[in-house]
Amino acid sequence: MADDRPILVTGAAGGVGAVGRTVVEALRRDSLPVRALVHREDERAEALRATGAQVVVGDLARAPDVARAVDGCRRMYFGMSVSARYLEAALTTAVVARRYGELDAFVNMSQMTVSQMDLTSVQESAQQRHHWLAEQALDWSGLPVVHVRPTVFMENPLFTSFADASIARDGTIRLPFGTGRTSPVAAGDVAEAVAAILRDPAPHIGKVYELTGPRSRDLHEVAGEYARALGRPVSYVDVPLEPWIEHELRGLGPPPHLFDHLATMARLHAANRYDRVTGDVELLTGRPPSDLREFVETHPYLFPATQARTF
């Protein structure tokens, strides 16, 4: 008999790349029952309801809210935007899920940096440390966990808003990555990989999947992909790290926790920590990951300043 208990998707309203929302949409295309947990009622919650998903409003750091969301579900996806409350939310969710005791899969959104961390690591951001600690706790919990570790998203501001502004201004990508190589992955590919696990989790329980784009490239090669996608010259200009952090990044006014995370990502790119390529996207989805040129061509709304310019 078909199991009509819903699949819980947290973070369903979406942050960078809207992975949770896309997971909901992918599962609903297969007519699977979905419960979407969002932080507030707004137009994004209404859009989720329009897919046929049940929408509940709650706070992942409040156990009563999580218990209400998990109740009656058979499996779940845990994902949350960059937040100083991330670890509290992850541990709260793990405790509730363990007490509930009826899940056959707990798919945890982590990040690839975790694979290079240990007890003595000090170079990572507070957010990355939270992901590492959350993985440890989930592994101890006895829950049927699958960890998904994407590298940097193509939708990250480093590759969208920063690139968009400088390309529109003078045809350059100005980032402090030095000769570091990177393999950004499209959030849509990550969401499809998560949805594939949730559809049939049994073969994946206890495994770790590291999701990257199809190639790792330095920023000169990345600039070439933007140039081909936009049909105009684009070059990479390496800029000093600390002045970029203090003037360019701080000038955006991000909250302290997010500021720390983005600054650390820039430092780790310069240290070549993102030079990774795996075949896990294709393994899970049955198709190769999206390339950067394809992403830029198909997401013009992420590059408004560049699109507004006439060349």
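These remarks concern the structure in this document. (Residues numbered from 1 in each chain as written. Predicted model: local features only at pLDDT ≥ 70, side-chain atom pairs only at ≥ 80, totals over all residues. Heavy atoms only, no water.)

The phi torsion at Ser31 lies on the positive side, around 60°, for a residue other than glycine. When you line up the elements, Ser31 lands in the loop between helix 1 (19-29) and strand 2 (34-38). For Asn272, which is not a glycine, the phi torsion comes out positive at approximately 65°. Note on placement: Asn272 falls in the loop between helix 10 (256-270) and helix 11 (280-285). Residue class for Asn272 comes out partly exposed when judged on its relative accessible area of 32%. (Helix = DSSP H or I, 4+ residues; strand = E, 2+ residues; numbered from the N terminus. Buried < 20%, exposed > 50% of the residue type's maximum accessible area, 1.4 Å probe, protein only.)

Here we come to the environment of Arg85. Along the chain, the position of Arg85 falls in the loop between strand 4 (75-78) and helix 4 (86-100). Arg85 gets classed as partly exposed once you look at its relative accessible area, which sits at 35%. Put simply, Arg85 and Ala61 are 24 residues apart on the chain and 7.3 Å apart in space, counted from C-alpha to C-alpha. With residues up to four places along the chain from it excluded, the contact list for Arg85 reads Asp59, Ala61 and Met80. (Contact = heavy atoms within 4.5 Å.)

Applying the stated criterion to the full structure yields 1 cavity of 30 Å³ or more. Looking at the lining of the largest cavity, its residues break down into 3 nonpolar, 3 polar and 1 charged. (1 Å grid on protein atoms, 1.4 Å probe; cavity = no way out; pocket = protein on both sides within 12 Å on 5 of 7 lines; lining within 4 Å. Points joined across faces, edges and corners; volume = space filled by probe spheres on them. Nonpolar A, V, L, I, M, F, W, Y, C, P; charged D, E, K, R; others polar.)

Before going further, it helps to spend a moment on the packing of helix 1 against helix 7 (residues 187-199). One can describe the packing of helix 1 onto helix 7 by two numbers: an axis separation of 8 Å at closest approach and a directional angle of 50°. By the angle class used here, helix 1 and helix 7 are oblique. Regarding helix 1 and helix 7, the two cross each other, and that crossing is right-handed. Packed against helix 1, whose contacting residues are Val19, Thr22, Val23, Ala26, Leu27 and Arg29, the element helix 7 presents Ala187, Val190, Ala191, Glu192, Val194, Ala195, Leu198 and Arg199 at the interface. (Axes fitted to C-alpha atoms, helices over the stretch in contact; angles between N-to-C directions. Parallel < 35°, antiparallel > 145°, perpendicular 65-115°, else oblique. Left-handed = near helix turned anticlockwise from the far one by under 90°.)

This part is about the environment of Val239. Mapping Val239 onto the fold places it in the loop between strand 11 (235-238) and helix 9 (241-251). Using a relative accessible area of 14% as the deciding quantity, one classes Val239 as buried. Between the C-alpha atom of Val239 and that of Tyr77, which follows or precedes it by 162 residues, the distance is 38 Å. Contact partners of Val239, with chain neighbours within four places excluded, come to Arg174, Leu175, Pro176 and Trp244.

As a further point, take the pattern of salt bridges. Applying the stated rule across the entire model yields 24 salt bridges. Its salt-bridge partner being Asp59, residue Arg85 comes within 3.0 Å of it at the nearest N-O pair. In this pair, Arg85 sits in the loop between strand 4 and helix 4 while Asp59 sits in the loop between strand 3 (54-57) and helix 3 (63-70), placing the two residues 26 residues apart along the sequence. A salt bridge links Glu124 to Arg273; the nearest nitrogen and oxygen atoms lie 2.7 Å apart. Here Glu124, found in the loop between strand 5 (106-109) and helix 5 (126-141), pairs with Arg273, found in the loop between helix 10 and helix 11; they are 149 residues apart in sequence, far enough to count as distant. Under the relative-accessibility criterion, Arg273 is labelled buried at 15%. (Salt bridge = Lys/Arg side-chain N within 4 Å of Asp/Glu carboxyl O.)

Our next topic: the nonpolar core. Counting residues in each nonpolar core, the largest one holds 36 residues, and the members touching the most others are Val19 and Leu27. Residue contributions to this core peak at 8 residues, all from helix 7. Not counting the four nearest positions on each side in its chain, Leu27 is found in contact with Ile7, Val9, Leu32, Val34, Ala195, Leu198 and Arg199. Met154, Ile167, Val239 and Ala263 belong to the second-largest nonpolar core, a separate cluster that totals 35 residues. (Core = buried A, V, L, I, M, F, W, Y, C linked by side-chain atoms within 4.5 Å.)

This next bit is on the side chain of Glu210. Relative to the elements of secondary structure, Glu210 occurs in strand 9 (residues 208-211). When its relative accessible area of 13% is taken as the criterion, Glu210 is described as buried. For Glu210, the side chain forms a polar contact with the side chain of Arg149, separated by 3.2 Å. Other than its neighbours up to four places away in sequence, Glu210 contacts Met112, Ser115, Arg149, Arg276, Thr278 and Asp280. (Polar contact = N/O pair within 3.5 Å; in protein donor to acceptor, adjacent residues only side chain to side chain.)

Interpretation in functional terms is not warranted from these geometric data alone.
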